[in-house]
Amino acid sequence: MYEWILPSLSEILAQNQSSVAECSPGKAERQWRISLAATEHLLLNTLAANSVDTTQGLVLAAPAPLFSQPKLTQNLQTVTFTAKPFNPLALMPFQMPDAIATINEEIAPHESVLPLLPADPLGTEQFCLVFTDKFRLVLVLATHKNGKKTFSFSFEPEVVQQAWRSLGARVMLANPEFFARLDVLVQQYSPVAPDCRIMIQFSQLLLQELTEAEETGEEAGEQVVTERSRSGAGSRGKNTNSQFPIPNSQSPNPDVELLQAFAHEVRTPLTTIRTMTRLLLKRRDLDASVINRLKIIDHECTEQIDRMELLFKAAELETTASTKCSKTQLTPMSLDQVLQQSIPRWEQAAHRRNLTLNVVLPQQLPTVVSNPMMLDQVLTGLIENFTRSLPSGSHIQVQVIPAGDQLKLQLSPQFGCKDSSKAATPATPPIRKALGQLLMFQPETGTISLNIAATKHLFQAIGGKLIVRQRPHYGEVLTIFLPLEVSNKHKSGAKTWE
């Protein structure tokens, strides 16, 4: 059996490094995410800016695609390896098995999905191999039998080549023709030692990501110590292998670790399903009804992936050792742009539950200071949970108005039609039961969501503030405050979005 002969990628890196430190799953996963973020920035900085739809590199990843920036998806060929591949024939039951090969032909050269055998130890690893004209890089997050995890990476050409040989051998056994094409592509990116400027840039990006992580409490009290810093800069010359040893620190709350693991386990298969769905949508021979169903699958996967991402963010914030509110990197941003793309999704969420939504905006939206990526996620997650707590037929009013040096966004419900001749019936708040430290459960709807405290913490992290009030006859009213840019000036008036 080849899975006992071919080494895993973590074994290859371990053989080429003096030591690899095992640590808790949560810490190793944070190291993996920080390094992936630095890698994504490095790719964005080094790929040619004037090339459109031109393949400038190759990414081999598992168990799901790792980069979503349009520039990267358009300019990098991606091959995803998974031990539990999504079966495209499930959506095409009347086609023969050779349809899988046809799909792979159609999605090349940019995206392909290849299976791993269930017993392959590579199935327990998350990895990323990057091949470009400027550098080669391998990153590996491995899970061990004792439950511990290790993360390591290497720019060393020979180490990356060994990792490719091990991975390529698996491809050759499963799909020799695809391996031949893939090997030709790998060889286009010669295994030369990376320019020292690339190494410096990657180190700076790592430090930047680590600094931001410390600000959000992700890596509070932790240090990143590379092999080079431990052995001395002159002991082995250029050292392009590294891992993150972890000093002793207290483990996060078990509830938080459980939530992180849960969110990760849900996101991974959903990401694979969404990737395969989008690949199928590229086909030109599908019936309109099939396309509509695929779009529904894509939408549902995206919605649940975003929910899991929000749970993960909340869990990360709870790992901070500081009692003060940790904030992400905040920048002046256009709220108008966020709302233009968010409001249609809010309306869609309301309509699915037979609710109506009315958004009132000022004539000119001022510039706020927040985190652009997280603000959209947090607002959408809040409104999604808000709609789930209301009975069918309710109306939601969303009003955005300036309030001094802040911008106020208020969500208030109205239950059915009001009859002035009758006394208003007090609104009954939804039943909520606590699930651990961060979650709550609504028995009436079967919904699991972040509790109020965790949601408030998320808004604090993006520079805002959430206030929740229970008002008679109106139910729960949510008010969000976002700080305005200091130099910003407001104009009076309002416009309505319905």
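Colleague: Help me understand the overall build of the chain in this model?
Modeller: Counting its secondary structure elements, the chain contains 13 helices and 18 strands. Per-residue burial over the chain gives 47% buried out of 498 residues. Restricting the contact set of the chain to residue pairs at least 6 apart, pairs at least 24 apart contribute 72%. Entry remark: accessible area of the chain is about 24,200 Å², with carbon and sulfur atoms responsible for 54%.

Colleague: Honestly, the sheet that holds strand 14 (residues 439-442) in this entry has me stumped. Any pointers?
Modeller: Paired through their backbone hydrogen bonds, the strands of a sheet run either parallel or antiparallel. The strand order 13-14-15 describes an open sheet built from three strands, whose pairing is antiparallel. In the strand order of this sheet, the two ends are held by strand 13 (433-435) and strand 15 (447-450), each with one partner. If you compare each strand with its neighbour and ignore which way they point, the axes differ by 35 degrees on average. Note: strand 14 against strand 15, four bridges, orientation antiparallel. Bridging from a neighbouring strand, L439 pairs with L450 of strand 15.

Colleague: How do you make sense of the packing of aromatic side chains when you look at a structure like this?
Modeller: Two descriptors summarise a pair of aromatic rings, namely the distance from one centre to the other and the angle between the planes of the rings. Applying the stated criterion across every chain, the model contains eight aromatic pairs. When the centroid spacing of 6.0 Å and the interplanar angle of 45 degrees are considered together, the rings of F81 and F127 count as tilted. Of the two residues, F81 is situated in strand 2 (residues 76-82) and F127 in strand 4 (residues 125-132); the sequence distance between them amounts to 46 residues. A relative accessible area of 0% places F127 in the buried class. Among the aromatic residues, those joined into a cluster by ring pairs are W32, F135, F151, F153, F155 and F202.

Colleague: Sorry if this is basic, but what is going on with a positive patch on the surface here?
Modeller: On the surface, a cluster of positive charge is made up of K456, K465, R469 and R471. The biggest single contributor to the positive patch is strand 16 (residues 465-471), with three residues. Here K456 shows up in helix 13 (residues 452-461). Relative accessible area serves as the criterion here: at 31%, K456 is assigned to the partly exposed category.

Colleague: Just to check I follow, could you spell out unusual backbone geometry for this structure?
Modeller: What you tend to see is this: most non-glycine residues have negative phi, and most peptide bonds are trans. Looking along the chain, the bond that leaves A62 and enters P63 is cis, with omega of 0 degrees. Locating P63 in the fold gives a position in the loop between strand 1 (57-62) and helix 3 (70-75).

Colleague: Looking at this structure, how should I read the packing of helix 12 (residues 372-388) against helix 13?
Modeller: Two quantities define a packed helix pair, namely the angle between the helix axes and the distance between the axes. Their axes nearest at 10 Å, the elements helix 12 and helix 13 cross at an angle of 155 degrees. In terms of orientation, helix 12 lies roughly antiparallel with respect to helix 13. Handedness of the crossing formed by helix 12 with helix 13: left-handed. Contact residues: M374, V378, L379 and L382 in helix 12; T455, L458 and F459 in helix 13. Here the contact of helix 12 with helix 13 is built from residues that sort into six nonpolar, one polar and no charged.

Colleague: Is there a simple way to explain the environment of H144 in this structure?
Modeller: The residue H144 is located in the loop between strand 5 (136-143) and strand 6 (149-154) in this model. Here H144 falls in the partly exposed class, since its relative accessible area comes to 28%. At a separation of 3.0 Å, a polar atom in the side chain of H144 contacts the side chain of T150.

Colleague: Is there a simple way to explain helix 12 in this structure?
Modeller: Structurally, the α-helix is built with 3.6 residues per turn, so residues lying three or four positions apart point the same way. If you check helix 12, its first and last C-alpha atoms are 25 Å apart, about what 17 residues at 1.5 Å a residue would give, namely 24 Å. A large share of helix 12 lies buried, amounting to 13 of its 17 residues. At the N-terminal boundary of helix 12, the capping side chain belongs to N371, with an oxygen 3.0 Å from the backbone nitrogen of M374.

Colleague: Would you explain the confidence of the model for the chain in this entry?
Modeller: Caution is warranted with low-pLDDT regions, since their predicted coordinates should not be read in detail. Here the chain averages 75 in pLDDT, and 72% of its residues register 70 or above. The least confident element of the chain is helix 8 (residues 227-231), whose mean pLDDT is 34; the most confident is strand 4, at 93. Between residues 217-240, whose pLDDT stays under 50, and residues either more than four places distant or in other chains, the model counts 53 contacts. Ignoring residues within four places in sequence, the model shows residues 242-252, a span with pLDDT below 50, making 37 contacts including any to other chains.

What counts and what doesn't
Residues numbered from 1 in each chain as written. Predicted model: local features only at pLDDT ≥ 70, side-chain atom pairs only at ≥ 80, totals over all residues. Heavy atoms only, no water. Helix = DSSP H or I, 4+ residues; strand = E, 2+ residues; numbered from the N terminus. Buried < 20%, exposed > 50% of the residue type's maximum accessible area, 1.4 Å probe, protein only. Contact = heavy atoms within 4.5 Å. Areas by Shrake-Rupley, 256 points an atom, 1.4 Å probe, with all protein chains shown as cover. Pairing = 2+ DSSP bridges. Axes fitted to C-alpha atoms, helices over the stretch in contact; angles between N-to-C directions. Phe/Tyr/Trp six-rings, centres within 6.5 Å; stacked < 30°, edge-to-face > 60°. Patch = residues over 30% accessible without salt bridge, like charges linked within 9 Å, V, L, I, M, F, W, Y side chains within 5 Å. Salt bridge = Lys/Arg side-chain N within 4 Å of Asp/Glu carboxyl O. Lys, Arg positive; Asp, Glu negative; His and termini not counted. Charge placed at Lys NZ, Arg CZ, Asp CG, Glu CD. Parallel < 35°, antiparallel > 145°, perpendicular 65-115°, else oblique. Left-handed = near helix turned anticlockwise from the far one by under 90°. Nonpolar A, V, L, I, M, F, W, Y, C, P; charged D, E, K, R; others polar. Polar contact = N/O pair within 3.5 Å; in protein donor to acceptor, adjacent residues only side chain to side chain. Expected span 1.5 Å × (residues − 1). pLDDT = per-residue confidence, 0-100.

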